[in-house]
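# Chain and residue survey
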Amino acid sequence: MSRRGHQIRTLCLAASLCLALATPAHPAQESDADRLLKDAQAAIDAENYDGALRILEDAKKVYPRNPSFPSLLGDIYEEKDFPSLALDEFRLAQNLRPNDPDILYKLSVALGKLNRERESIAVLERVHAMRPEDSAATGDLGWMYFKVHQLQKGAKLLTQALNSYGPNSNYSMTLGTIYSELYEYDQSRSSYLVAIKDGLKSDSKNFVAVAYYNLALLEEKYYRFPKAMDYGAKSVSTFERPSGHLARGELFLRQQNIRAAFSEFKQAYNLDTSPLSEINLANTQRCAGRIEESIAYLDGVMKSKNLSWMLNYGTDLKTHYKDLHEIYKDDYAALAILERCRASGSLFESVARFFRAVRDDIYSYYHRQMYRSYSRDIADYLMKENNFLNAMISYYDAYQGYPAIALKYLGKAKDFETSVIPEAAASYELEEGLLHDDYGKLKTAYEHLDPAWERDGIARALQRLCLIARSRGDGDSYRAYAERLFTVNPGALLQGGIGLPLVLDVRPDSAGNGKRAEGLRRSLSDLFSHAKSPLAGKDEALEYRYRFAVTVGSDGVDWALVDSATGATLIKEKARLQSLSRRNVAALFNGILDSLYRSD
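The text that follows walks through the structure, step by step, so that each part is easy to find.

Cut-offs applied
- Residues numbered from 1 in each chain as written.
- Predicted model: local features only at pLDDT ≥ 70, side-chain atom pairs only at ≥ 80, totals over all residues.
- Heavy atoms only, no water.
- Helix = DSSP H or I, 4+ residues; strand = E, 2+ residues; numbered from the N terminus.
- Buried < 20%, exposed > 50% of the residue type's maximum accessible area, 1.4 Å probe, protein only.
- Pairing = 2+ DSSP bridges.
- Right-handed = clockwise from strand over helix to strand, strands pointing away.
- Polar contact = N/O pair within 3.5 Å; in protein donor to acceptor, adjacent residues only side chain to side chain.
- Contact = heavy atoms within 4.5 Å.
- Axes fitted to C-alpha atoms, helices over the stretch in contact; angles between N-to-C directions.
- Parallel < 35°, antiparallel > 145°, perpendicular 65-115°, else oblique.
- Left-handed = near helix turned anticlockwise from the far one by under 90°.
- Nonpolar A, V, L, I, M, F, W, Y, C, P; charged D, E, K, R; others polar.
- Core = buried A, V, L, I, M, F, W, Y, C linked by side-chain atoms within 4.5 Å.
- Phe/Tyr/Trp six-rings, centres within 6.5 Å; stacked < 30°, edge-to-face > 60°.
- Lys NZ or Arg CZ within 6 Å of the ring centre and 35° of its normal.

## Remarks on unusual backbone geometry
Unlike most non-glycine residues, Asp81 shows phi in positive territory, near 65 degrees. Secondary-structure assignment places Asp81 in the loop between helix H4 (68-79) and helix H5 (83-96). Its relative accessible area of 28% is what places Asp81 among the partly exposed residues. Positive phi values are uncommon outside glycine, yet Lys532 reaches one of about 75 degrees.

## Topic: the pairing of strand E1 (residues 503-508)
Judged from the six bridges that link them, E1 and strand E2 (residues 546-552) form a sheet pairing that is parallel. Bridge pairing links Val503 to Arg547 in E2. Running through helix H26 (residues 514-530), the crossover from E1 to the neighbouring parallel element E2 is left-handed.

## Some points on the side chain of Asp505
Tracing the sequence through the fold places Asp505 in strand E1. Separated by 2.9 Å, the side chains of Asp505 and Arg547 make a polar contact. Not counting residues up to four positions away in its chain, the partners in contact with Asp505 are Arg547, Phe548, Ala549 and Val550.

## Points about the packing of helix H12 (residues 205-221) against helix H13 (residues 225-238)
Two elements in contact, H12 and H13, have axes whose closest approach is 8 Å; the angle formed by their N-to-C orientations is 165 degrees. Regarding the angle of H12 to H13, the classification is roughly antiparallel. The interaxial crossing formed by H12 with H13 has left-handed handedness. Between H12 and H13, the residues in contact are Lys205, Val208, Ala209, Tyr212, Tyr213, Leu215, Ala216, Glu219 and Glu220 and Phe225, Lys227, Ala228, Tyr231, Gly232, Lys234, Ser235 and Thr238, respectively. Of the residues that constitute the contact of H12 with H13, the class distribution is nine nonpolar, three polar and five charged.

## Some remarks on the sheet that holds strand E4 (residues 568-576)
With mixed pairing, four strands are arranged side by side in an open sheet as E1-E2-E3-E4. Edge positions in the sheet fall to E1 and E4, since each has one partner strand and no second. On average, each strand axis in the sheet is tilted by 15 degrees relative to the strand beside it, whichever way the strands run. The sheet contacts of H26 involve E1, E2 and strand E3 (556-563), and relative to E1 the element is tilted by about 160 degrees.

## Considerations on the nonpolar core
If you look at the biggest cluster of nonpolar residues, it comprises 119 residues, and the most contacted ones within it are Leu520, Phe528, Phe548, Val550 and Leu561. For this core, the element with the highest residue contribution is H12, accounting for nine residues. The contacts of Leu520, once residues within four sequence positions are left out, are Val550, Val552, Val557, Leu577, Leu580, Val585 and Leu588. Judged by nonpolar contacts, the second largest core, of 47 residues, contains Ile44, Ile121, Leu124 and Leu157.

## Looking at the packing of aromatic side chains
Evaluated as defined, the whole model comprises 23 aromatic pairs. Judged by centre distance (5.6 Å) and plane angle (65 degrees), the rings of Trp309 and Tyr313 are edge-to-face. Judged by centre distance (4.7 Å) and plane angle (25 degrees), the rings of Tyr395 and Tyr409 are stacked. Residue Tyr395 is found in helix H20 (residues 388-398), and its partner Tyr409 is found in helix H21 (residues 403-420); the two are separated by 14 residues along the sequence. Tyr409 carries the same exposure label as Tyr395, and that label is buried. It is Lys221 that lies over the ring of Tyr183; its NZ or CZ is 4.1 Å from the centre. Sitting above the plane of the Tyr409 ring, Lys408 keeps its charged end 4.7 Å from the centroid.

So, in structure tokens, the structure goes:
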């Protein structure tokens, strides 16, 4: 949920003038202070911020006991998104006038932008005690209670404010979010609908779009996916902002509709001032098998030093970094597998690939440990705030390296959530199966996950079922699961160490390049086997669904992937191949892998 933005307004001048007049001084000095404040405000109105800063800094030296100048200076720094500098100025103003609720409110916003939620709450509680009718301070305090998971406090505060002062769309919006976290579906939905109704009355389209987004998240949480998609569409049609596209993108990713998900997240990225769309783009690229692109997005987010955006979102520093490390660990694990599956054009390249794979394994291990460390810290904190379900899930994330301990927490989470949302049962079967390589539970999850809306979970189940079948030497089951996984998401195979079973059909073109064709067939056979693809023998061809057809010419090849079940050609490409040198064949094969195991 977005909080009301704190911007520099002309009203700032009026407030500053009041402060100036209240400061004891000689009459002539009062006139000079007024003039300086007016000059600074005029510079702000003209967007001459450098000029305003010079005026205010000079004025602070002349009138060191006047809180108006640091207060207005703090407004400029906050508007320009320098919360640390803003905080320094608001602290100075507050020291000069300790109990001014306007200055205290500004101070709370700066603290919030610096993710110092507890300090912000302490200041907001002072403001609320002074001015309980102040809707901005009360709304912000309710939101901050939500952010630190003091849900009952937030619900009580906002309910009392609604009863005392009447309807307030911001209160209703935050209440909807708090009730969602408390797993009170009816109250959450009702609060969001009230917020939407009030927002429509005041023609606050931006606000209504956010409310529809929150309602989409609520419906998704309760496995009501078509409703969630409808509300995501309403969010976008009401007012185009990132949130509606993010909601729709997440739902498309559940369906493993990679192209649609990427489109939605890209549209969000073009509108977004937070890194959320970049994180979602990174996750989408990982699902698509584009690991290097995923890491590039994450690196961009990790390098950003501006974290003030979190004030308006239901997240915190530890959760943010936990999310980043989760994708990083999967990316580097996948990259290590890909390095080992790709062909090398020389001995030197083979050695280089080996060391890159080892490096990527080390990176994955590091990010996995960081992910678990953040998960444990978050779980400890959530338990202190009596947020039971999220605490159990975070403990499960933290202890996945210790399956017996992790299973205990997973079981507690399952008992709680399925009592409220029975539709969540299959997802818990999946997690239990993944934790213990339990073939039976994985198969049960695969069969009971929603085939339209939980294809992401189906893909995870199929990945592990493939690996278990291969370890058991069950080639028929491996082939069946791998072929099914390819229809769900081609990008999920190779990064999981799974190769698509193929009928390898290499033929010369009409010009008669039989010798080249036979040489390439032998090379491709070895390389596909190295990349985990079982290849059909002559008597097995009819049992394999996918045929990899290659036509070899004198200086190039045409290749295609054909689905024998439908007769459709899924991929068709041309590539140059001047000779059958190791380097040329390796380049050809790596290009094939990139096309074969990526989702568009």
